[in-house]
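Survey of secondary and tertiary structure
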Amino acid sequence: DISENAKITEIGMYAFAYSGITSLAVTDDLTTMGTYVFYRSKLQSFTWPKTITTIPNYTFAECAELTSFNFGESAVVAIADHAFHGCTALTSFTFPETLKSLGSFAFAYCEKISSFDFGSKSKIATIGDSCFSSTGITEFAFPVVHDDEGKIIPFATLGSSLLSGCDKLETV
């Protein structure tokens, strides 16, 4: 854990990549996180800080032991390309209502994920290419999207190969 007295404002690229770190508690002083921060680490759980609104590219990619991810009090609006790609131990994922964009391959090859929960007041407008490809989902329900005033709006972009390789998928 980062000491409560530490005033770490930035974690740079690859900071914990390939490491044996299993958990990390961060403070609200953290305002910037680079790409690949936990890439292929032994990270098992993480709570996203409320001070950062985008999960960068490859942040948790191929963290094969990541079983728990929590958005806490954060207001994440974007999950970038490959952010959780290959997190083979994740079994489900609940998105915050503030989320507007999911990047390409964001959850690709998360083979044990059986469900994604967009919530009842989703603001997601963009889902990138192959975002959910090769996951373990059995059904997929496109979220009903709302604008900031609560009005239902259409998706702006649905990427190609969105659900390709989802061998267990039966219902859309």
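As the structure is a computational prediction, the values presented were derived from the model and not from experiment.

What counts, and where the lines are drawn
- Residues numbered from 1 in each chain as written.
- Predicted model: local features only at pLDDT ≥ 70, side-chain atom pairs only at ≥ 80, totals over all residues.
- Heavy atoms only, no water.
- Salt bridge = Lys/Arg side-chain N within 4 Å of Asp/Glu carboxyl O.
- Helix = DSSP H or I, 4+ residues; strand = E, 2+ residues; numbered from the N terminus.
- Buried < 20%, exposed > 50% of the residue type's maximum accessible area, 1.4 Å probe, protein only.
- Phe/Tyr/Trp six-rings, centres within 6.5 Å; stacked < 30°, edge-to-face > 60°.
- pLDDT = per-residue confidence, 0-100.
- Core = buried A, V, L, I, M, F, W, Y, C linked by side-chain atoms within 4.5 Å.
- Contact = heavy atoms within 4.5 Å.
- 1 Å grid on protein atoms, 1.4 Å probe; cavity = no way out; pocket = protein on both sides within 12 Å on 5 of 7 lines; lining within 4 Å.
- Points joined across faces, edges and corners; volume = space filled by probe spheres on them.
- Nonpolar A, V, L, I, M, F, W, Y, C, P; charged D, E, K, R; others polar.

**Examining the pattern of salt bridges**
- Enumeration according to the criterion identifies 7 salt bridges in this entry.
- Put simply, Asp148 and Lys100 hold a salt bridge, and the shortest N to O gap is 4.0 Å. Here Asp148, found in the loop between β11 (145–146) and β12 (152–153), pairs with Lys100, found in the loop between β7 (92–94) and β8 (101–102); they are 48 residues apart in sequence, far enough to count as distant.
- Between Lys151 and Glu149 there is a salt bridge whose closest N-O contact spans 3.6 Å. Taken individually, Lys151 and Glu149 each receive the classification exposed, so the pair is uniform in this respect.
- The network of salt bridges with common partners includes Asp28, Lys50 and Glu73.

**Considerations on the packing of aromatic side chains**
- One pass over the full model with this rule turns up 33 aromatic pairs.
- Arranged with centres 6.2 Å apart and planes meeting at 20°, the rings of Phe107 and Phe132 form a pair that is stacked. Taken together, the positions of Phe107 in the loop between β8 and β9 (115–117) and Phe132 in the loop between β10 (126–127) and β11 put the pair 25 residues apart, joining distant regions of the chain. There is no split in this pair, since Phe107 and Phe132 are both buried.

**Re the confidence of the model for the protein**
- The share of residues in the protein with pLDDT of 70 or more is 97%, and the mean pLDDT across the chain is 92.
- The least confident element of the protein, judged by mean pLDDT, is β11 at 84; the most confident is strand β6 (residues 78–79) at 98.

**As for the nonpolar core**
- Of all hydrophobic cores here, the largest spans 44 residues; its most connected members are Phe60, Ile79, Phe84, Leu102, Phe107 and Phe132.
- Discounting residues that sit within four places of it in the chain, Ile79 has contacts with Ile55, Phe71, Phe84, Phe93, Phe95, Leu99, Ser101, Leu102, Gly103, Ala106 and Phe107.

**A short note on the layout of surface pockets**
- Of the volumes computed, that of the largest pocket is approximately 160 Å³.
- Around the largest pocket, the lining residues are Ser114, Ser115, Phe116, Asp117, Phe118, Gly119, Glu139, Phe140, Ala141 and Pro143.
- A class-by-class count of the residues in the lining of the largest pocket yields 5 nonpolar, 3 polar and 2 charged.

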